[in-house]
Amino acid sequence: AARRPRPHQDPAALAAQAALDDAIAAQVEYYFSVANLCKDVYLRGCMDARGYVPLDHVCSFSRLRAICADPAVVRRAVEGSDKLSLIKERGASGGRPAWLVRTNDQPERWVLGAVQP
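A brief structural summary.

Rules used throughout
- Residues numbered from 1 in each chain as written.
- Predicted model: local features only at pLDDT ≥ 70, side-chain atom pairs only at ≥ 80, totals over all residues.
- Heavy atoms only, no water.
- Phe/Tyr/Trp six-rings, centres within 6.5 Å; stacked < 30°, edge-to-face > 60°.
- Salt bridge = Lys/Arg side-chain N within 4 Å of Asp/Glu carboxyl O.
- Helix = DSSP H or I, 4+ residues; strand = E, 2+ residues; numbered from the N terminus.
- Buried < 20%, exposed > 50% of the residue type's maximum accessible area, 1.4 Å probe, protein only.
- Pairing = 2+ DSSP bridges.
- Contact = heavy atoms within 4.5 Å.
- Axes fitted to C-alpha atoms, helices over the stretch in contact; angles between N-to-C directions.
- Core = buried A, V, L, I, M, F, W, Y, C linked by side-chain atoms within 4.5 Å.

## Focus: the packing of aromatic side chains
Move 1: Enumeration over the complete set of coordinates arrives at two aromatic pairs.
Move 2: Feature note: the residues Tyr31, Tyr42 and Phe61 constitute an aromatic cluster, connected by ring pairs.

Structure below.
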């Protein structure tokens, strides 16, 4: 997704930020791709009944940490993806809100234990 440059930002910094966002989004999109979900039982086991996984948990995966360890930066990159959904929900028992991410491609089908039609 194209981002509008802010007038006070240096073009090289904007290009670096865009490249980082693209790399992050590509990695998270891969995690939630059909090719990966077909074999990634661990990630599927982390899903709630709607197919969402806490973004903080996804940020703990080693390949994503190697690109960027900052959950706020990861969230910004994922927000621009047309392959992923990102929502913010209040934690259980009124705990702190958490960001959740899932694929847009039939997300409930990947939940372990889900009944397939």
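## With respect to the pattern of salt bridges
Move 1: Enumeration according to the criterion identifies five salt bridges in this entry.
Move 2: Between Asp21 and Arg76 there is a salt bridge, with its nearest N and O atoms 2.6 Å apart. Of this pair, Asp21 sits in helix 1 (residues 11-31) while Arg76 sits in helix 6 (residues 71-79), and the two are 55 residues apart along the sequence.
Move 3: On the basis of relative accessible area, Arg76 is assigned to the partly exposed category, the value being 24%.
Move 4: For Glu108, the salt bridge is made with Arg102, and the minimal N-O distance between the two is 3.5 Å.
Move 5: We classify Glu108 as partly exposed; its relative accessible area is 40%.
Move 6: Salt bridges linked by common partners bring Asp48, Arg50 and Glu89 together as one network.

## What about the sheet that holds strand 3 (residues 98-103)?
Move 1: Taking strand neighbours across the sheet as the criterion, the three strands line up as 1-3-2 in an open arrangement whose pairing is antiparallel. Looking at strand neighbours, the two that pair on one side only are strand 1 (53-54) and strand 2 (84-89), the edges of this open sheet.
Move 2: One ladder, built from six bridges, connects strand 2 with strand 3; its direction is antiparallel. Along strand 3, the bridge assignment pairs Ser85 with Arg102.
Move 3: Strands strand 2 and strand 3 of the sheet are contacted by helix 6, whose axis makes an angle of about 130° with strand 2.

## Focus: the nonpolar core
Move 1: Ranked by size, the top nonpolar core spans 23 residues in total, and within it Ile24, Val28, Phe32, Val58, Leu64, Val74 and Val101 carry the most contacts.
Move 2: Where this core is concerned, the elements lending two or more residues are helix 1, helix 4 (55-58), helix 6 and strand 2.
Move 3: The element contributing the most residues to this core is helix 6, with four residues.
Move 4: Discounting chain neighbours no more than four positions away, the residues touching Val58 are Val28, Tyr31, Phe32, Val53, Leu64 and Val101.

## Here's the deal with the environment of Phe61
Move 1: Here Phe61 shows up in the loop between helix 4 and helix 5 (62-67).
Move 2: Looking at Phe61, the relative accessible area reads 14%, which means it is buried.
Move 3: For the pair formed by Phe61 and Tyr31, sequence separation is 30 residues and the distance between their alpha carbons is 9.7 Å.

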